[in-house]
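Survey of secondary and tertiary structure
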Amino acid sequence: MNLLVLRFSAMGDVALMAPALIAVAAKYTNIQLTVVTRGNYAPFFYNIPNVHVIGINLKKYKGLSGLYRLFKELNKLGPYEKIVDLHSSVRSRFISFFFWIRGVSVFRIIKGRREKMRQIRKTRKVLRKLPHTVDRYLKVFEKAGFPATVRKGPWINVDPESKIYAKDFLLARKIDKKEGLWVGYAPFAGHKLKEWPMEKSLELLKLLKEEFPNIRIFLFGSSQEAVQMEEWRNGDQSMTIVSGGKLGIRGELGIMERMDVIIGMDSSNIHIAALLKRPVIALFGTTHPLSGFAPFGQEDTGVLQIDDLPCRPCSIYGNTTCYRKDFACMERITPEDVIKRINVIKNINTLF
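As the structure is a prediction and not an experimental result, all values here were calculated from the model. (Residues numbered from 1 in each chain as written. Predicted model: local features only at pLDDT ≥ 70, side-chain atom pairs only at ≥ 80, totals over all residues. Heavy atoms only, no water.)

1. Digging into unusual backbone geometry
Glycine aside, residues mostly have negative phi, and peptide bonds are mostly found in the trans state. How we decide: Per the convention used, a helix needs a DSSP run of H or I reaching at least four residues, while a strand needs a run of E reaching at least two, with both numbered from the N terminus.
With an omega of 5°, the peptide bond running from G78 to P79 counts as cis. By the secondary structure assignment, P79 is in the loop between α3 (63-76) and β4 (82-85). Cis rather than trans, the peptide bond between G153 and P154 has omega equal to 10°. Checked against the element boundaries, P154 lands in the loop between α6 (133-143) and α7 (160-172). Located in the positive-phi region is F327, a residue other than glycine, with phi close to 50°. Mapped onto the fold, F327 is located in the loop between β11 (303-304) and α12 (328-331).

2. Overview of the sheet that holds β4
Our working definition: The rule for pairing is simple: two strands pair if DSSP sees at least two bridges between them. To get an axis, a line is fitted to the C-alpha atoms, and for a helix only the part in contact is used. The angle between two axes follows their N-to-C directions and goes from 0 to 180 degrees. Contacts: residue pairs with any heavy atoms within 4.5 Å of one another.
The strand order across the open sheet formed by 5 strands is β3-β2-β1-β4-β5, and the pairing between neighbours is parallel. Looking along the sheet, the strands with just one partner apiece sit at the ends: β3 (51-56) and β5 (105-108). Across the sheet, the axes of successive neighbouring strands diverge by a mean angle of 20°, strand direction being ignored. As judged from the 4 bridges shared by β4 and β5, these two strands associate in the parallel manner. Following the sheet pairing, V84 is matched in β5 by F107. Against the sheet, helix α4 (residues 90-101) makes contact with β1 (2-6), β4 and β5, and its axis sits at roughly 165° relative to β4, the strand it touches most. Lying over the sheet, α6 contacts β1, β2 (32-38), β4 and β5, oriented at roughly 155° with respect to β5.

3. Thoughts on empty space enclosed by the protein
The condition is simple: Throughout, the protein atoms alone are placed on a 1 Å grid, and a set of points is a cavity if a 1.4 Å probe fits but cannot get out or a pocket if it is open with protein on both sides within 12 Å along at least five of seven lines; lining residues have an atom within 4 Å of a point. Grid points are joined across faces, edges and corners, and a volume is the space filled by probe spheres set on the points. Side-chain classes are defined by residue name, with Ala, Val, Leu, Ile, Met, Phe, Trp, Tyr, Cys and Pro counting as nonpolar, Asp, Glu, Lys and Arg as charged, and the others, Gly among them, as polar.
Scanning the entire structure with this criterion turns up 1 cavity of 30 Å³ or more. Taken together, T286, C311, R312, C314, C322, Y323, R324, D326, F327, A328 and C329 make up the lining of the largest cavity. The residue inventory of the lining of the largest cavity, partitioned by class, reads 7 nonpolar, 1 polar and 3 charged.

4. Comments concerning the environment of L3
The condition is simple: Only protein chains enter the accessibility calculation, which uses a 1.4 Å probe; a residue is then buried when its area is under 20% of its type maximum, exposed when over 50%, and partly exposed in between.
Mapped onto the elements, L3 comes out in strand β1. Residue L3 is classed as buried on the basis of its relative accessible area of 0%. Considering only alpha carbons, one finds L3 and F141, 138 residues apart in sequence, at a separation of 9.8 Å. Every residue in contact with L3, bar those within four places of it in the chain, is listed here: I31, Q32, L33, T34, Y80, K82, V84, F141 and F146.

5. Re a nonpolar patch on the surface
Put simply, the rule reads: Patch building starts from residues that exceed 30% relative accessible area and form no salt bridge, then joins like charges within 9 Å and nonpolar side chains (Val, Leu, Ile, Met, Phe, Trp, Tyr) within 5 Å. With residues, only the protein chains shown are counted as cover, and all accessible areas are computed by Shrake-Rupley using a 1.4 Å probe. Any carboxyl oxygen of Asp or Glu that lies within 4 Å of a side-chain nitrogen of Lys or Arg is treated as forming a salt bridge with it.
Together, L64, V90 and F94 make up a nonpolar patch on the protein surface, roughly 290 Å² of accessible area in all. With respect to the helices, strands and loops of the structure, V90 is situated in helix α4. Owing to a relative accessible area of 60%, V90 belongs among the exposed residues under this scheme.

Pasting the structure below:
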């Protein structure tokens, strides 16, 4: 039996398919899972048995005619007994509709939009824990007839090529062995309202070096964000910039798996690090982990937030503005809070 699984974006949501795919593939060894996603996301699913990834460039399939062409190309690679739509976007709905016309059963994710809207409204909030994205994925497979439970992580396996990319990257910067504490910091997010104020980031970098003298800090960001990170680094040899634009996802995974702890915003970097089962500290302000997007497997220790703000959350994805105008949800999180959480994660008073 061959199942066609659809999920095109965003990066973190695509990566979060890995625990669900692993669970289903491990329990049902007689099925093939054909995953259709963006081509550069394929490394998230390395070495998962019976999972075949079809990486596509969505720019080649614009409009309804493009989607129909994609459907025909996928149909030739079938047949598929069932369609598992883990995206429920306009694009995935059209593709699954074309298969449904041909008599293929379609099972689609329920995103819980109504419950999420109750969480973010200004008055009469209903802030209760919603299913994690991974659980929503598993629910779709259950509806399709394949119930499964999450297995022990890590849920992203780093392939040998990723490790080679990472090694070459480090050697080029004269880092030939790991010494001291390696901390990753991902200060950016898809929306500005999910980011810590810049002065907080600069203060944290200074405090990390003071608190842990034998430290190497890796700054994660895109090629566009690398300019900002270079200014922060200011020639400091204890800091290394990891730009996904130069390394690609493969190289970034190879470096990320070497970190002792990774600090960041509610963004794909944190979700990917958690799936690698690296200790994370995710700063949540505008958004809230109870909406179903907490770092997977680290919903408690991996989250740093201000609990006593009745305005939180004001957004599910961070694409809004602060109606209080003081950005208290992020301003009240201090660099000292991050240092304390590092020590909590390590479960000792000092790291050395």
